[in-house]
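Structural overview for review
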Amino acid sequence: MSEVILELEDLHTHFFTDSGEVPAVDGVSLQLHKGEVVGVVGESGCGKSVTSLSIMQLVPKPPGEIVSGNINFKGENLAQATEKRMRQIRGNEIAMIFQEPMTSLDPLYTIGDQLIEAIRMHRKMSKKEAKTKAIDMLNIVGIPRASEVVDEYPHQLSGGMRQRVMIAMAMSCDPEVLIADEPTTALDVTIQAQILDLMRDLNKEHNTGILLITHDLGVVAEMCDRVVVMYAGQVVEEGTVREILKDPKHPYTKGLIKSLPKIHEKEQKLYSIPGTVPKVSMEQVGCRFAPRCEYAFDRCYNENPSLYVTDKARQNRCFLYDNNDEEGVNDHVESNIRS
Ligand SMILES: Nc1ncnc2c1ncn2[C@@H]1O[C@H](COP(=O)(O)OP(=O)(O)OP(=O)(O)O)[C@@H](O)[C@H]1O
Ligand code: SF4
Ligand SMILES: [Mg+2]
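Reading the values: rules and limits
Residues numbered from 1 in each chain as written. Chains lettered and ligands numbered in written order. Predicted model: local features only at pLDDT ≥ 70, side-chain atom pairs only at ≥ 80, totals over all residues. UniProt positions renumbered as here; feature names shortened; annotations may be inferred. Near = placed C-beta within 6 Å. Nonpolar A, V, L, I, M, F, W, Y, C, P; charged D, E, K, R; others polar. Axes fitted to C-alpha atoms, helices over the stretch in contact; angles between N-to-C directions. Helix = DSSP H or I, 4+ residues; strand = E, 2+ residues; numbered from the N terminus. Parallel < 35°, antiparallel > 145°, perpendicular 65-115°, else oblique. Left-handed = near helix turned anticlockwise from the far one by under 90°. Contact = placed C-beta atoms within 7 Å. Buried ≥ 20, exposed ≤ 12 C-beta atoms within 10 Å, placed from the backbone. Pairing = 2+ DSSP bridges.

Within an unreviewed UniProt entry, the label attached to the chain reads ABC transporter ATP-binding protein, and the organism entered is Alkalibacillus silvisoli. Comment text from UniProt for the chain, heading Sequence similarities (unreviewed entry), reads "Belongs to the ABC transporter superfamily." Here the chain is described in UniProt, under the heading Subcellular location (unreviewed entry), as follows: "Cell membrane".

Here is the structure:
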């Protein structure tokens with residue numbers, strides 16, 4: 001596999017709130033290789049956005065703070081980088097498409113001003129040429145009246161249009177890494193497909209590594225090489241898209257996949273994992289998924305599972321895959337889960 005371009009090592013990002021310390025990202029490790037597309041999935045509140053905002057050092061402080069861990073990017077630990085250095089990296093070497101589009105558009109400048117600046121930072125072009133390129137980019141991402149929108153301000157556009165402008169901006173700077181947080185959720189299906197095509201082109205033509213955060217396992221199947229499954233601030237399973245979708249091992253991943261609608265099945269009622277993602281706390285003991293897990297047994301409520309390596313170097317945060325379980329206490333459950 002190609003070289004690792006971005007690596008999170010045991011990242012902890014906590015929020016210090018009136019009701020206590022919230023470990024929203026609790027020891028996340030993951031790797032993105034050059035030219036690879038890695039999907040990050042998990043239900044709402046699992047810590048996907050806080051993980052991506054941490055990489056860009058954009059977690060609001062206070063109440064948030066990266067309390068420990070490394071964010072290695074081309075030999076530099078971004079967790080320690082100064083704000084000045086981060087400003088050079090953001091929208092340049094690492095671009096981000098935010099779940100909330102207003103976060104990255106400056107309300108005081110026109111769409112054109114912002115796109116032209118991004119384009120000219122990376123290509124030798126006159127202002128006029130860059131404006132033509134900006135209009136092209138707006139057309140590509142499906143903005144109607146692109147030649148007029150280029151002279152408008154962010155507040156004059158709808159949410160969906162702002163999202164597309166941001167995608168155009170992120171793509172026009174040919175980043176080495178693109179972090180896309182639910183890039184297509186707010187868009188209609190045809191535009192969604194076009195945006196995914198654009199991201200695929202960027203990945204193929206410029207070898208851009210993409211961290212794609214999404215609720216949509218269909219998008220993952222179409223776009224990603226590997227998947228990282230997050231639950232309550234932790235990575236619970238990781239593997240290639242093929243392995244994870246065909247043979248999920250962690251009970252949470254099994255539940256996520258079971259809740260996907262199946263085209264060929266007559267039964268209309270969709271499965272959903274019982275319960276909801278818990279609010280995480282520092283005092284929590286035991287597996288975070290235990291209250292919702294149909295395989296939970298005593299150990300799950302008393303100990304925190306680590307990531308166990310299973311076959312083909314897959315990783316699973318579940319006692320059912322603990323190879324050091326010499327007493328065989330898991331055996332009955334393991335045969336259950338495989339049946
Ligand atoms: N500003 C904040 N103050 C306090 N806690 C926060 C704040 N932002 C996020 N959190 C905590 O971090 C957790 C993870 O939030 P995050 O936005 O990363 O979820 P997510 O996986 O991106 O969800 P979604 O799919 O809805 O976007 C939340 O459940 C919340 O407890
Ligand atoms: S450790 Fe226990 S509760 Fe957690 S996922 Fe595995 S079986 Fe379920
Ligand atoms: Mg989010």
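With that settled, consider the site of ligand 2. Around ligand 2, the surrounding shell consists of Pro251, Cys287, Phe289, Ala290, Cys293, Tyr295, Ala296, Cys300, Pro305, Cys318, Phe319 and Leu320. Counted by class, the shell around ligand 2 contains twelve nonpolar, no polar and no charged residues.

A few words now on the packing of helix α3 (residues 111-122) against helix α6 (residues 159-172). In a packed pair of helices, the relevant descriptors are the angle between the two axes and the axis-to-axis distance. Taken N-terminus to C-terminus, the directions of α3 and α6 make an angle of 20°; their axes are 8 Å apart at the nearest point. Classified by the angle their axes make, α3 and α6 are roughly parallel. Along this stretch, α3 crosses α6, giving a crossing that reads as right-handed. Taking contact as the criterion, the partners of Ile111, Gln114, Leu115, Ala118 and Ile119 in α3 are, on α6, Val165, Ala168, Met169 and Ser172. Residues belonging to the contact of α3 with α6 are distributed by class as follows: seven nonpolar, two polar and no charged.

So, about the pairing of strand β8 (residues 209-213). Most of β8 is tucked away, with five of its five residues classed as buried. What you see with β8 is no split at all: Gly209, Leu211 and Ile213 on one side and Ile210 and Leu212 on the other are buried throughout. In the sheet, strand β3 (residues 37-41) pairs with β8 via four bridges, with the strands oriented parallel. Bridge pairing links Val38 to Leu211 in β8.

Direction vectors running N to C along α3 and helix α4 (residues 127-140) enclose 110°, while the axes themselves pass 9 Å from each other. The angle between α3 and α4 places the two elements in the roughly perpendicular class. Mapping the contact onto sequence places Gly112, Leu115, Ile116, Ile119 and Arg120 in α3 and Lys127, Ala130, Lys131, Lys133, Ala134 and Met137 in α4. Grouping the constituent residues of the contact of α3 with α4 by class yields six nonpolar, one polar and four charged.

Neighbouring ligand 1 are 16 residues; Ala24, Ser44, Gly45, Lys48 and Ser49 lie closest to it. Put simply, the parts of the chain that give the shell around ligand 1 at least two residues each are β1 (4-17), β2 (20-33) and α1 (48-55). Per element, the largest residue contribution to the shell around ligand 1 is three residues, and it comes from α1. Residue composition of the shell around ligand 1, by class: seven nonpolar, seven polar and two charged.

Time to look at the sheet that holds strand β9 (residues 226-231). Hydrogen bonds along the backbone pair up the strands of a sheet, which may run parallel or antiparallel. Sheet architecture is open: eight strands sit in the order β6-β7-β8-β3-β9-β10-β12-β11, paired in mixed fashion. Each edge of the open sheet carries a strand with a single partner, namely β6 (94-97) and β11 (308-309). Strand direction decides the pairing type here: strand β7 (residues 177-181) and β8, joined by five bridges, are parallel. Among the inter-strand pairings, Leu178 is bridged to a residue of β8, identified as Ile210.

Before going further, it helps to spend a moment on the pairing of β6. A two-sided burial pattern is seen for β6, the buried positions comprising Ile94 and Met96 on one face and Ala95 and Ile97 on the other. In terms of strand pairing, β6 meets β7 through four bridges, oriented parallel. The partner of Ile97 across the bridge, within β7, is Ala180.

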